[in-house]
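Reading the structure
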Amino acid sequence: MTRTQDGAELLTGPGAGGLLRSAVGNSGGVLHGWQLDHVDHRPGRSTKALFRTMVSWPELDGPGAPAREELFGASTHIGEKEKNLYVAEQTLVMTDGDINVRVWRYPHDPWLPMLPSVCYPDVVVRTLRDLGVSLGDPGTPVVIDVVSYRPGRRAVLRVSQGGHAVFLKVMQPHRSDEIVDRHQRLLAAGVPVPEVIAHHNGLVVLRELPGRPLSRAVVDEGADACRGEDLVALVDRLPASMYPLPLRPPWTDSVDFYAGIVAASMPALGPRLDALVRSIREGLAALEQRLDMRPHDIVHGDFYEAQVFVEDGRVVGLLDIDTVGPGRRADDLACLLAHLSVLADYGNTGRIDRDMQARVEGAITDWHRVFEGRVDPTELALRSAGVVLSLATGPHRQQENAWEAATEAIVRVAEQWVERARAAERARIDQQAPAHRGPATGVRAPGGTAPPSAATGQRPEPIRAYSIPPAQGPDAIPGAGRPLAAHDALGDDSPTQERSIDSIVRG
C-alpha cells in the first residue's frame, strides 16, 4: 500500500482499487469497476471514504449474473485512534505495517450497528414493528430512500409505505439518548422539531414534518418563501434551558482546520487561504474591542436552508438539532447566508436556471438586511466568510465533477464576504461620527468619539478605527458596500451539506 500521512492519498488515489478488489474478493465477489463518491478527510488524523462499485457475486447469483451496484466504506486512522467501534466482524482490516485500512460493505458500517436493520424493506418493517411503529397499508410496497450517509458518522433514511413516511436517523449508539432528549425538550418549548416516535441503540425514528424544505421553496419563491423576521424568530425561540449543553463553537473557530483540508487537496490555493484565515481572525479580534463576544444565545449550530421547513410563507419546522447549545446568534444567521450565497451561484454554472438564481439572490438581499438588524453587520459578514470556507471542503469530499474549479470558486466567495465585512465596518464608522472625517481622505482621526445621541444626550463609546487585513484574492467585490448578492458568490453537510444518495436497496 502507498505510504501516506493520514490515508487520504491511499483512499482517494488509484491504490484504492487494490483495496476494494481485496475486500470484494474476500467476500466472494468480483470487482468490475469503482468510483470514489465521498471522502471525509481530517489532515494528519484520519480519512473515511465511500465508494460506488460494480460487483458480481458468482457464488450467490451464478457465474453469468450481471454486476450490480454496491457501496463500500473505508477508513484509515493515523493521528487518532479508532473510537466507538461497535461491530467489526464484517469488516476487513489490511495493513502494510505503517497504516491500517478498514473496509466494509454497506450497510455493515462498524460504527453504526443499527444500519443493517433498516436498509432492506422486509427487515425495516420488522425493526419498526419491534419498536411499536407501524407504517402504511401492509399491502403496499415499502420504499427506502437514503437521504444521506456519512461513513462512520451517521445515516438518514426515509421509509415510506403508501402515503405514510417516517425518517430514520442512524448514529453511533452513545449519542441517541442525548438526541432524543433534545427533541423532547425543544418540542416542550414550542420549537417545531420532528416528534420522536421511537428509538433504540443508535436508531431514532422521527415523524415527518409538514411543508417542504426552505432549500426548495427559496429556489421557487425567493424571499416569498418566508419572512426574514420569522427565520430570526425561529432560532430566537430556542429555550434558555438548553444553556447547560456543551458550547457550540463558531465555524470561525475552525477556519485553520478547514483551510488545511482545502490546501491539502489544492496546494495552489495556500496563499489565499492563509490570507483568508488571517483576515477572519484579525477581524474578529478587532470586534472584541467594541462587542461582548461571549456566547449569550442558544444556537442551532447548523442553521441553513435544508434544515428549515416552510408552508404557505410560514416557518413550520426545524431539523437536525443535534448541535443545539450556547453560542452566538450571528453564527446561525451567517450559516444560512453562506449556504444561500453558494446555492445562488449555481446559476452561473447551470445547476439552477437564471430565474431561480434571481429568486435566491432576492432572498439573500432581503434576509441579509433583516439579519443585520439583529446582529452586528461586521460580525455577520466575517462569520459568513468562515462558514463559506468550511463549505470549500465539499467539492473534493463529495467528489464533484470539476471539483478543483468548484473549490476555488467557494474560496472566492469567502474572500468576498471578507470584503463585505470591511465595507460594513467602514459604514459603521462613517455613520457614528461623520464630523471626525479627514477632509481629504475621509479617514477618521484616531481616538475620535461620536457626537452625543440625540435621543439620550449621552456620548457613546470611543470610536476605534481598525482595518480587516485584505484577503488578497484576485476578485474584490466592486461596490462592496452593497448587500452581497448571489452573483457575487461562487461556489454544498459541508460538513453541513450532504449530497443525497439514491437508495440502491429497493424491494
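The structure presented is a predicted model; accordingly, all values stated were derived computationally and were not measured.

What follows covers the confidence of the model for the chain. For the chain, the mean per-residue pLDDT works out to 82, and 82% of the residues sit at or above 70. Averaged pLDDT values for the elements of the chain fall to 78 in helix 1 (residues 8-12) and rise to 98 in strand 13 (residues 308-311). Within the model, the stretch residues 438-467 combines pLDDT values under 50 with 48 contacts to residues more than four positions away or in other chains. Scored below 50 in pLDDT, residues 471-507 shows 135 contacts in the model against residues more than four places distant or in partner chains.

Another point: the pattern of salt bridges. This structure, assessed with the given rule, holds 34 salt bridges. Among the ionic pairs, Asp320 bridges to Lys169, the shortest N-O distance being 3.0 Å. A residue pair is termed long-range when its members are at least 10 positions apart, and Asp320 in the loop between strand 14 (314-318) and strand 15 (325-327) and Lys169 in strand 8 (residues 164-171) qualify at 151 residues. Of the residues examined, Asp320 reaches a relative accessible area of 21% and is grouped as partly exposed. The residue Arg329 makes a salt bridge to Asp332 at a minimum N-O spacing of 3.1 Å. Of the two residues, Arg329 and Asp332 are both situated in helix 10 (residues 329-345); the distance of three residues between them amounts to about one turn of the helix. A relative accessible area of 3% means that Arg329 is categorised as buried. The class of Asp332 is buried, set by a relative accessible area of 2%. A network of salt bridges, in which partner residues are shared, links Asp236, Asp297, Arg329, Asp332 and Arg374.

What follows is about helix 2 (residues 16-26). Of all the residues in helix 2, the buried ones are Ala16, Gly17, Leu19, Leu20, Ala23 and Val24. Down the axis of helix 2, the buried set is contained in an arc of 160 degrees. They therefore lie on one face. Within two residues after helix 2, Gly28 carries a phi angle of roughly 90 degrees, on the positive side.

Once that is clear, we can look at the packing of aromatic side chains. Here the structure, examined in full by the defined rule, presents five aromatic pairs. Seen in terms of ring centroids, Trp34 and Phe51 are 5.9 Å apart; in terms of plane orientation they differ by 70 degrees. Their pairing is edge-to-face. Linking Trp34 in strand 1 (residues 30-42) with Phe51 in strand 2 (residues 46-56), this pair joins segments that are 17 residues apart in sequence. Overall, Trp34 belongs to the partly exposed group, its relative accessible area being 30%. Exposure remark for Phe51: the relative accessible area of 1% places this residue in the buried category. Ring geometry for Phe257 against Tyr258: centres 5.4 Å apart, planes inclined by 65 degrees, an arrangement best described as edge-to-face. A residue is classified by how much of its surface remains accessible, and Tyr258, at 10% relative accessible area, is buried. An aromatic cluster of three or more residues is present, and its members are Trp251, Phe257 and Tyr258. It is Lys48 that lies over the ring of Trp111; its NZ or CZ is 4.7 Å from the centre.

Turning our eyes to something else, we now look at the pairing of strand 7 (residues 154-161). Side-chain direction in a regular strand flips from residue to residue, so the side chains alternate between the two faces of the sheet. Judged by how many residues are buried, strand 7 sits mostly within the fold: seven of eight residues are covered. Two successive antiparallel strands, strand 6 (residues 142-150) and strand 7, enclose a turn made up of three residues, where Gly152 displays a positive phi of approximately 80 degrees. Two elements, strand 7 and strand 8, share eight bridges in a ladder whose sense is antiparallel. Looking across to strand 8, one finds that Gln161 is bridged to His164.

With respect to the helices and strands, the residue Asp376 is situated in the loop between helix 11 (354-372) and helix 12 (377-391). When its relative accessible area of 15% is taken as the criterion, Asp376 is described as buried. The contacts of Asp376, once residues within four sequence positions are left out, are Leu287, Arg290 and Leu291. In this structure the side chain of Asp376 is engaged in a polar contact, spanning 2.9 Å, whose partner is the side chain of Arg290.

Parameters at a glance
Residues numbered from 1 in each chain as written. Predicted model: local features only at pLDDT ≥ 70, side-chain atom pairs only at ≥ 80, totals over all residues. Heavy atoms only, no water. pLDDT = per-residue confidence, 0-100. Helix = DSSP H or I, 4+ residues; strand = E, 2+ residues; numbered from the N terminus. Contact = heavy atoms within 4.5 Å. Salt bridge = Lys/Arg side-chain N within 4 Å of Asp/Glu carboxyl O. Buried < 20%, exposed > 50% of the residue type's maximum accessible area, 1.4 Å probe, protein only. Arc of directions from axis to C-beta. Phe/Tyr/Trp six-rings, centres within 6.5 Å; stacked < 30°, edge-to-face > 60°. Lys NZ or Arg CZ within 6 Å of the ring centre and 35° of its normal. Pairing = 2+ DSSP bridges. Polar contact = N/O pair within 3.5 Å; in protein donor to acceptor, adjacent residues only side chain to side chain.

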